Structures are given as structure tokens and as C-alpha cells.
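Residue strings, one per chain:
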Number of protein chains: 2
Amino acid sequence: MTEQLKMEEAIGRLVKAEDVLLLCHKNPDGDTIGSAGALFWALKSLGKQAAVLCADGIPDRYGYMELTPFEGQFTPRYVVAVDVASIQLFGDSIRDYTRQIDLCIDHHSSNAGYALETLLDAGAAATAEILYRLIPSMGVHLTPQIADCLYTGLSTDTGCFRFSNTTANSHQVAAGLIGSGARLEELNTILFESKSRERIEAERIALDQLEYHFDGRCALIYLTREQIAESGVEPDELENMTSLPRMIEGVQVGLTLRQQPGGSYKISVRTQEGVDACAIAQRLGGGGHSRAAGCELEGNLCNTKAAILAEVERELAAADKEREQA
Amino acid sequence: MTEQLKMEEAIGRLVKAEDVLLLCHKNPDGDTIGSAGALFWALKSLGKQAAVLCADGIPDRYGYMELTPFEGQFTPRYVVAVDVASIQLFGDSIRDYTRQIDLCIDHHSSNAGYALETLLDAGAAATAEILYRLIPSMGVHLTPQIADCLYTGLSTDTGCFRFSNTTANSHQVAAGLIGSGARLEELNTILFESKSRERIEAERIALDQLEYHFDGRCALIYLTREQIAESGVEPDELENMTSLPRMIEGVQVGLTLRQQPGGSYKISVRTQEGVDACAIAQRLGGGGHSRAAGCELEGNLCNTKAAILAEVERELAAADKEREQA
């Protein structure tokens, strides 16, 4: 079982640490890379050796952080995981380095406690929010470089301050980071105003196949594996496409069906308040949260659509009944 | 010529005012309606009569502000314009009420000075930012209702904190508004996560016609007037579609051509840093800013495309030359 640290204790560990390996989760997002990046530059400014390791590498789009990837150039003496909720999320290819994690800094309430010591703040919208308090207390000046890294973590995990996890503190941290020289305009362009040609092509195909059901209360898009291959899009680029159908006015349930390489369909269910996405997904063997859930079904497109739409119809009827009774 | 007021002077005027008419600009956005809404509720809380007037009415999406539209229910004794840069922007249909504007509160540096007195802060990202300081000094408690109005203005004018006008102060104001009870999740859903079926259909048609030019350095979408009619989209809903082509990776110039009812094409030019959108538009009789500009051309689609693409090619060559010399 992990030991929960106080902020000051975590600071003490980091200030004493040498030859630090910073670990990110696989399928890296802005928060895991940005948080590792901020710690990387903080440790470097204290004259320490440090490097960043991610099973999938550091994506090119985060090149502006100018991080040093770990390639065995030193023997790690202190290993820190940032924004990683469970040991499975590291990815098998870096298993040699995840046997002993000295410290984990995270904001996921589901953190499994796999590290020797853990600094957890489940109220933070991003791990970057925790580091915004921690790094200056290490005696490190918050440089524009560090501010860029932390802004990346904070803004991506909050969907640029749109998601419901955004708090007053998130905005206060953003204000502080801008004051420290974060390059707002460049970063927002890279992080939020940019889509690959392949992603645009996948969106075109999906929109061409947009369907409305139940008087426009449900919208459905799908991509077959052939279409995904034809567009050339990377599967992880399709993740945020799942928000598209629910965005349409009047739509209470948005469905996104993506065929997997093995032939099955991964279904993302997104709902407006008052309709339970999790209930829909659970009846087909999946799960999730009340507004965002998912399941995976074997079968052809026609059967898959029929199965999920039947559950959507049932849940819309249940939601209507509940509203009438309220 | 208008008299420039200090903040305290403007506060004095508003606290003394009675029977206040609040004027918005036509084609209303979140800042003009939200700022009028915040002042409306502030004046009401001081026991005053007030109402909001906009040539195009108050759009349904802002219904949560619960504003009282002006329908002649009282004779205005003090007229305040919010977020309106020039008298032309009121719209002809409310001309009876724009003959004498007592006070204008605005953040546009281009404000024409049409009001008797003006409170201008061109450093504010939104008029709502100015009112966030002003309203509490009127002796008014910042209620959740007022916070909702101000959050609407601030978040829409900054593109939910993405645009380059966003400052540390914008985020500090957002933090304060959340602290005052602004309903972040509901508002962000309404303001940023919602598109009409017609808008989605127009996007589908435009994406189907997406063209790349000059090795992918320029992307072009267009909609003919027949296609706009077929989709059923309102012209103002197409405004933010102009950001779509530039969003594509590798694209330095994004072009959006929308045919007008009279047959001419309105062209929106959006560029990445290093390419001058204004230079492109100006050579065809238009104008604008360095990254966002526009022009309007008579002629059929084929001629229009050829004319704008020739200017894009010229500007890309100029940008290349400049980069080589730098």
C-alpha cells in the first residue's frame, strides 16, 4: 500500500532526489507530458540529471517543451510517475522501469496506490494544478518554459476551460501561468486549433453518414474499419470525435460507432443531462459515467445499430417517465 | 465628441440613473447581451426600472439570463449602450432610441465616440471584464444571475479563453465569477458545445467540397447560395465556420467562400503567423487584420476561386522570400 504524502514531504523528496526518471502514461495527453515536462525543467534548474519516459514516445506536437527523452543515458536513482492512475497505464514496453515507482503525483481519485509514496489531490482539474503549487516551493523560479508545460497540462485536461472539472482555482492557475510568461496564443493554436488532414477526412465521411433517430433525440455516426483505413486517421485522433453527435441541438443521446481492427464495434454513448449514458452501455456489457459511457459489440453494422438503438429508445422512454413524475 | 469617463464617474451616473434603457449591437453576441444582462440585474437590484433592446431581439440561447426586453413599457430617461463600437451597429429598426446615448461602456479601441459620455477600456478582452469591476462598486452584490451574464460575455469574446485577446485578468475574472456562482457547466454546454442541425448539414456540404492547393499550404471550402438554402442554415451561424480550413495541419491560408443572396462571393481569409491575410484581401478590394481578413467578389465560383487563389499564391511566395531573408 502506498504512503500518502503531504505537499511539503513530496517537495523534500524531489529536492533531495538525483538522476530522476519521469514516467508518463501510454497514449499520452497534455497533462502527463506537460506535468513531466514542468518537473523536468524544475529538476534541471536545480542542477539535477532528469529525463522523461513514455511507452509511446513524446508526441511531436509537444516539441516546444524541448524535453530530453530517457534513452538509458543514466541509471535512474529516483522514479516519479506523473498523472498515471494505475500501473497498467504505463504500457508493457517500459516495464523494466516501472518495477519500483518511488513517487506518484496524480489527480485521479481512482489512483490505485501502486507507488511507494503518492501525492494525490483529487480536487485538482489536472496534475499540472498540483505542480503549480509544488514547483515554486522547491525553490524553483517559474520560467516561461515551465509555465508552457503547466499550461499545456491544465488547458488540455479542462478542454481549454470548458469541461465541468474546471474550477475557480483552474482559472487562477491559468492567470498565474500567463503572468509567468506562458505563450498562450501559440499553445492554444497547437493544442486546440489544429486537426490532421486525415482527421478532417474521417470527419467528412462520418458526417456524410450522420443519422437521426427518435425525432432527432438521438444522432448516430459511424466509421467502418475500411473507412478508417481509407481516411488514414490514427485511432486516438478519433477520440474527441465522440462529442460531435451530442453537440447537435435537440440531441439527447449522441452515438459514435467505430469498427475495431478485429471487426467488432466500439460504441461511445454521450448524453445530455437527464438521460443515463451508463445505463444504456451497461445493458450491453459496457459501463462508464452518467453522461459518457461505452460498450463494444460483435456483429455487423446493421445488428450493432439495432442493438444500441433499442437500448437508447428504452432509456429515452425511462427518462420521459421520470420527468413526468418529477 | 464624447467625454471619456473614469470608472468612478460612470458608477456615479448609473447609481443616479432611473428608467434605464440598455442597448445592444445588432447581430448580438454573448458580450453585448451578457453585459446588458449584468447591468440589467444590477440596476434591478437597486430598485430601478430597466430593460434591454437589441435590433435583432435577444436570441433564445441566452434565455437563461431572464432579461426583460424593452417594448415601450416605460419612457427611457437614461440610455446606456454596451459593447457597441459605432452608431451604425445598432441597426436601423431601433433608430428611435439611439438618437441620444447618455453612456457607452465598451472595450473596442475603434469606439467612434458617439455617446455623450464613454467608459472605454481597450485592454479588456470583453466589456464584461469592465463590468466585473464596475458592478460591485455600484454597491451591488454579484449574484449567480449576474455572474452567469458576465461569464457569458467573457467566455464568448475570448472563444472560451482560446483567443489571443485572453489575458491573465480574463482568467482572474473567470475565477471570481465561478466563485460568485456562475453555472460553468450549463453555460459552456449552451455556448460552446451546441450546433444546429442546419449548421451541421452546411458543414457536411462544405467538407465534401474541401480543396487543397499549393501542396496543402492552402485549404478552401465554399458554399453556394443554393447549398446554403438547402441546408437551411442562418447566415450568422456560418461565421465561425471560417476557422475550419486554417485548422488543418500544414495549412497556412484557410479560405471560406460564401455566396451572398445577390450572387457575389464573400471570402474569409484566415492565415497562420507569417502570412499576411490583410495583404491578400486588400489586393481584391477588401481589408482586415494580419491573420483574419476578407473581401467580396462578383463573378461565378470558378472565377472567384481563380482570383483569390492567385493572390494567395503571390502572398505565400512573398512569405517564403521574407523567411529566407530573415
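For the structure, check the block above.
Note that the structure is a prediction, hence the values are computed from the model and not measured.

Enquirer: Explain the environment of B:Gly179 to me, and be specific about the residues and the numbers.
Expert: When you line up the elements, B:Gly179 lands in helix 5 (residues 168–179). Sequence separation of B:Gly179 and B:Lys6 is 173 residues, and the distance between their C-alpha atoms is 27 Å.

Enquirer: Go over the sheet that holds strand 4 (residues 78–82) of chain A with me, naming the residues and quoting the values.
Expert: Residue and element names in this part refer to chain A. The strand order 1-6-5-4-2-3 describes an open sheet built from six strands, whose pairing is parallel. Looking at the sheet topology across the chains shown, the edges are occupied by strand 1 (3–4) and strand 3 (50–53). Two strands pair when backbone bridges link them, and strand 2 (residues 20–23) and strand 4 are joined in this way by four bridges, in the parallel orientation. Paired with valine 20 across the bridge in strand 4 is tyrosine 78. Helix 2 (residues 30–45) contacts strand 2, strand 3, strand 4 and strand 5 (103–106) of the sheet and is inclined by roughly 170 degrees relative to strand 3. Helix 3 (residues 127–137) rests against strand 5 and strand 6 (117–120) of the sheet, and its axis sits at about 110 degrees to strand 5.

Enquirer: I'd like a rundown of the pattern of salt bridges, residues and numbers included.
Expert: Counting across every chain of the model gives 40 salt bridges over all chains. Of the charged contacts, one joins A:Asp96 and A:Arg99 as a salt bridge, the two residues approaching to 3.3 Å between their closest N and O atoms. A:Arg99 matches A:Asp96 in its accessibility class, with the two residues each being exposed. In this structure, the salt-bridge partner of B:Asp320 is B:Arg217, at a minimum N-O distance of 2.8 Å. Residue B:Asp320 is found in helix 10 (residues 301–325), and its partner B:Arg217 is found in the loop between strand 7 (211–213) and strand 8 (218–223); the two are separated by 103 residues along the sequence. Take B:Asp320: its relative accessible area is 22%, and that puts it in the partly exposed class.

Enquirer: Kindly report on the relation of the copies chain B and chain A, identifying the contributing residues and their values.
Expert: Copies of the same chain, two in number, are related to each other by a rotation about an axis and a translation along it. By a simple turn and slide, chain B fits onto chain A: the slide is 0.0 Å along the axis, the RMSD is 0.1 Å, and the turn is 180 degrees. Both copies are brought into coincidence by an operation consistent with a two-fold rotation axis. In terms of C-alpha distance to the rotation axis, chain B has B:His171 as its closest residue, with the C-alpha 2.5 Å off the axis. Comparing interface residues between copies, 97% of those in chain B also lie at the interface in chain A; the contact surface is shared.

Enquirer: Please set out the interface of chain B and chain A residue by residue, giving values where relevant.
Expert: Contacts between chain B and chain A engage 38 residues on the former and 37 residues on the latter. Across the chain B to chain A interface the summed buried area is about 3,800 Å²; carbon plus sulfur atoms make up 56%. Summed over the shared surface of chain B and chain A, the result is six salt bridges. Salt-bridge contacts for A:Asp208 lead to B:Arg204; the nearest nitrogen and oxygen are separated by 2.8 Å. Across the contact surface, chain B and chain A share 18 residue pairs in polar contact (both at pLDDT 80 or more). When contributions to the side of chain B that touches chain A are tallied by element, the ones reaching two or more residues are helix 5, helix 6 (184–192) and helix 7 (197–208) of chain B. When residues of the side of chain B that touches chain A are assigned to their parent elements, the largest contribution, seven residues, is made by helix 5 of chain B. Class assignment for the residues of the side of chain B that touches chain A results in 16 nonpolar, twelve polar and ten charged.

Enquirer: Can you break down the side chain of B:Ser35 residue by residue, with the values?
Expert: Along the polypeptide, B:Ser35 turns up in helix 2 (residues 30–45). When near neighbours in sequence (up to four residues on either side) are disregarded, B:Ser35 contacts B:Gly30, B:Val82, B:Thr127, B:Ala128 and B:Leu131.

Enquirer: For the environment of B:Ile33, give the residues involved together with the corresponding values.
Expert: Residue and element names in this part refer to chain B. Secondary-structure assignment places isoleucine 33 in helix 2. You can call isoleucine 33 buried: its relative accessible area is 0%. Excluding residues that lie within four positions of it along the chain, isoleucine 33 makes contacts with Cys24, Pro28, Ile58, Pro59, Tyr62, Met65 and Leu67.

Enquirer: Can you break down the layout of surface pockets residue by residue, with the values?
Expert: Its volume calculated, the second largest pocket comes out at about 240 Å³. A:Glu186, A:Thr189, A:Ile190, B:Gln272 and B:Arg291 are the residues nearest the centre of the second largest pocket, which is lined by 15 residues in total. By residue class, the composition of the lining of the second largest pocket is four nonpolar, four polar and seven charged.

Enquirer: Describe the packing of helix 4 (residues 144–157) of chain A against helix 5 (residues 168–179) of chain A, listing the residues and the values that go with them.
Expert: All names here are of chain A. Running from N to C, helix 4 and helix 5 point in directions that differ by 155 degrees, and their axes come no closer than 10 Å. When the interaxial angle is binned, helix 4 and helix 5 end up roughly antiparallel. The two elements helix 4 and helix 5 meet at a crossing, and its hand is left-handed. Residues Ala147, Leu150, Tyr151 and Leu154 of helix 4 pack against Ser170, Val173, Ala174 and Leu177 of helix 5. In terms of residue class, the contact of helix 4 with helix 5 is made up of seven nonpolar, one polar and no charged.

Enquirer: Mind laying out the pairing of strand 3 of chain A, listing which residues take part and the relevant values?
Expert: Side-chain direction in a regular strand flips from residue to residue, so the side chains alternate between the two faces of the sheet. Burial along strand 3 of chain A is two-sided: the face carrying A:Ala50 and A:Val52 and the face carrying A:Ala51 and A:Leu53 are both buried. For the crossover that starts at strand 2 of chain A, traverses helix 2 of chain A and ends in the parallel strand 3 of chain A, the hand is right-handed.

Enquirer: Pulling in residues and values, what's your account of the packing of helix 3 (residues 127–137) of chain B against helix 4 (residues 144–157) of chain B?
Expert: All names here are of chain B. Taken N-terminus to C-terminus, the directions of helix 3 and helix 4 make an angle of 150 degrees; their axes are 8 Å apart at the nearest point. The angle between the axes of helix 3 and helix 4 places the two elements in the roughly antiparallel class. Residues Ala128, Glu129, Leu131, Tyr132 and Ile135 of helix 3 pack against Ile146, Leu150, Gly153 and Leu154 of helix 4. The residue makeup of the contact of helix 3 with helix 4, split by class, is seven nonpolar, one polar and one charged.

Enquirer: Just give me the short version of the side chain of A:Gln252, but keep the residues and values in it.
Expert: All names here are of chain A. Along the chain, glutamine 252 turns up in the loop between helix 8 (225–231) and strand 9 (253–259). For glutamine 252, a relative accessible area of 18% translates into the label buried. When sequence neighbours within four positions are dropped, the list of residues in contact with glutamine 252 reads Arg217, Arg270, Thr271, Gln272, Val275, Leu316 and Arg323.

Enquirer: Give me the packing of aromatic side chains: which residues, what numbers.
Expert: Note on aromatic pairs: each is described by the distance of the centres and the angle between the planes. Under the counting rule described, the total for this entry stands at eleven aromatic pairs over all chains. Here A:Phe161 and B:Phe161 contribute two aromatic rings whose centre-to-centre distance is 6.1 Å and whose plane-to-plane angle is 75 degrees, an arrangement assigned as edge-to-face. Here the residue A:Phe161 occupies a position in the loop between helix 4 and helix 5, and B:Phe161 occupies one in the loop between helix 4 and helix 5, the pair thus bridging two chains. Among the residues examined, B:Phe161 registers a relative accessible area of 0% and is labelled buried. Within the aromatic cluster, the residues linked to one another by ring pairs are A:Tyr151, A:Phe161, B:Tyr151 and B:Phe161. The positively charged end of A:Arg197 is found above the aromatic ring belonging to B:Tyr212, 3.4 Å away from the centroid.

What counts as what
- Residues numbered from 1 in each chain as written.
- Chains lettered and ligands numbered in written order.
- Predicted model: local features only at pLDDT ≥ 70, side-chain atom pairs only at ≥ 80, totals over all residues.
- Heavy atoms only, no water.
- Helix = DSSP H or I, 4+ residues; strand = E, 2+ residues; numbered from the N terminus.
- Pairing = 2+ DSSP bridges.
- Contact = heavy atoms within 4.5 Å.
- Axes fitted to C-alpha atoms, helices over the stretch in contact; angles between N-to-C directions.
- Salt bridge = Lys/Arg side-chain N within 4 Å of Asp/Glu carboxyl O.
- Buried < 20%, exposed > 50% of the residue type's maximum accessible area, 1.4 Å probe, protein only.
- Least-squares fit on C-alpha atoms with pLDDT ≥ 70 in both.
- Buried area = accessible area lost by both parts, 1.4 Å probe.
- Polar contact = N/O pair within 3.5 Å; in protein donor to acceptor, adjacent residues only side chain to side chain.
- Nonpolar A, V, L, I, M, F, W, Y, C, P; charged D, E, K, R; others polar.
- 1 Å grid on protein atoms, 1.4 Å probe; cavity = no way out; pocket = protein on both sides within 12 Å on 5 of 7 lines; lining within 4 Å.
- Points joined across faces, edges and corners; volume = space filled by probe spheres on them.
- Parallel < 35°, antiparallel > 145°, perpendicular 65-115°, else oblique.
- Left-handed = near helix turned anticlockwise from the far one by under 90°.
- Right-handed = clockwise from strand over helix to strand, strands pointing away.
- Phe/Tyr/Trp six-rings, centres within 6.5 Å; stacked < 30°, edge-to-face > 60°.
- Lys NZ or Arg CZ within 6 Å of the ring centre and 35° of its normal.

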